[in-house]
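Residue-level structure breakdown
Now for the letters of each chain:
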Amino acid sequence: MLARPIPINWHPRLSIFASEPFLKSVGDGYGWLGGFDSSGELRCILPYTVIRKAIIRMIRFRVETIPLTEAFTEAEEKAFLNSAADLFRSQGAAMIMPATTNTIFRTYPDGAVAAPYGSFIVDLTQDETMLFGHQSSSHRRKVRLAEKQDVKILYGIQYLEIAYHLVRETFKRSDLPFMGLKDFKRYITGLGENVRIFVAEFQGVVQGCLVVPFSQFCAYYVYGGSIPEPVTGATNLLHWEAIRHFLSLGVERYDFVGVRIDPEKGSKQEGLKNFKERFGGRMVKGYMWKMPLTPWKYKVYSQAVHRLRGGDIVDQERRRLDTLETSRKDE
């Protein structure tokens, strides 16, 4: 498999994160790579962005490898990713940094540092009755309770700043950084008409929000936020009404975007995993990964991220899983 640049030719059956306006809005450079077999047939596509920090030039993927045929194998994908890494290395990139959390790869190139990761995806080709029935009984009960209490679900770009502050405060409660308002507006602008901002309102007070980029291919729950103690069922109803909305638009799937594999019992991450799972989606497992291309520049990045937040998502997951494995051996 050979990776080489190809023209961007986005259409709604592809992820919105592969579209040129979006890629342009989140990177200092961007493009598509195509994967070609020995006969010259285009077998896959991989959109990418370039991130520049001082002298360090990094590659970041916003969506996983897009196969152009059902017969595209995992071995082919690995060979393609190896070729892509060689191409970026030849262009002087420091590293391939961890992808965004909506991006779950089936495999990773030789020499990458990887950690397992997953997501729950709801199939929207079912009818509404089936979708509601596949939710857990507790979720269905909370949805009905929120409806009975007259929680209202609204959406529109006019809720951008409200959503931003809710998301930022929610991240802050978990000691996580979040982008500035200017960058958030740029992110939303890059999505154009292909984003919905939903809010749940109860007695005139916004309880929570969802930010969901979408195309016909998939709707992605990328950001969510809430007040510290939202009314019971408000967040459940938010997701249910979002699912109904995208079902009505002919979107094919609803992706809850990222869960840790085997989270610690009783942890916040286990609670988040359970919340997403109970909407009845299918668990998709794969990998988050990163890869050094210029060793000394990669080391500079790694040291900086470690000082700032104890490592990136790949470092954190590998450390957590190593600790979990050690504790199991000790039991």
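Not measured: the values here are computed from a predicted model. (Residues numbered from 1 in each chain as written. Predicted model: local features only at pLDDT ≥ 70, side-chain atom pairs only at ≥ 80, totals over all residues. Heavy atoms only, no water.)

1. What about the overall build of the protein chain?
Summing up its helical and strand segments, the protein chain has ten helices and 14 strands in all. Whereas a compact globule of 331 residues would reach a radius of gyration of roughly 20 Å, the protein chain reaches 20 Å, a difference of no more than 12%. Principal axes of the C-alpha set define a box for the protein chain whose edges measure 60 × 50 × 40 Å. Going through the 331 residues of the protein chain one by one, you find that 51% of them count as buried. At a minimum sequence separation of 6, the contacts of the protein chain that also span at least 24 residues come to 71%. For the protein chain, the exposed area adds up to about 16100 Å²; of that, 51% sits on carbon and sulfur atoms. When the 45 basic and 37 acidic side-chain charges of the protein chain are each reduced to a single mean position, those positions are 4 Å apart. (Helix = DSSP H or I, 4+ residues; strand = E, 2+ residues; numbered from the N terminus. Rg over C-alpha atoms; globule rule 2.2 N^0.38 Å. Buried < 20%, exposed > 50% of the residue type's maximum accessible area, 1.4 Å probe, protein only. Contact = heavy atoms within 4.5 Å. Areas by Shrake-Rupley, 256 points an atom, 1.4 Å probe, with all protein chains shown as cover. Lys, Arg positive; Asp, Glu negative; His and termini not counted. Charge placed at Lys NZ, Arg CZ, Asp CG, Glu CD.)

2. Here we look at a nonpolar patch on the surface
A contiguous nonpolar surface patch, about 320 Å² in accessible area, is contributed by Ile 55, Trp 296 and Val 300. For Ile 55, the position within the fold is in the loop between β3 (42–53) and β4 (56–60). Residue classification places Ile 55 among the exposed positions, given a relative accessible area of 58%. (Patch = residues over 30% accessible without salt bridge, like charges linked within 9 Å, V, L, I, M, F, W, Y side chains within 5 Å. Salt bridge = Lys/Arg side-chain N within 4 Å of Asp/Glu carboxyl O.)

3. Observations regarding the nonpolar core
Judged by nonpolar contacts, the single largest core of 35 residues is most densely connected at Phe 17, Phe 184, Tyr 187, Ile 188, Val 211, Tyr 220 and Tyr 223. Per-element accounting of this core gives the leading share, five residues, to helix α5 (residues 160–173). Not counting residues within four places of it along the chain, the set of residues in contact with Tyr 187 comprises Phe 17, Phe 22, Ser 25, Val 26, Pro 213, Val 222 and Tyr 223. Of all hydrophobic cores here, the second largest spans 29 residues; its members include Leu 210, Ala 242, Val 259 and Phe 279. (Core = buried A, V, L, I, M, F, W, Y, C linked by side-chain atoms within 4.5 Å.)

4. Side note on helix α6 (residues 181–191)
Where α6 is concerned, the buried positions are Phe 184, Tyr 187, Ile 188, Gly 190 and Leu 191. Relative to the axis of α6, the buried residues are bounded by an arc of 160° and lie together on one face. Residues of α6 that are exposed and point more than 90 degrees away from the buried face comprise Lys 182 and Thr 189. Against α1 (20–26), α5, β9 (195–202), β10 (205–213) and β12 (223–226) lie the buried residues of α6. Phi for Gly 192, located one or two positions after α6, is positive at around 60°. (Arc of directions from axis to C-beta.)

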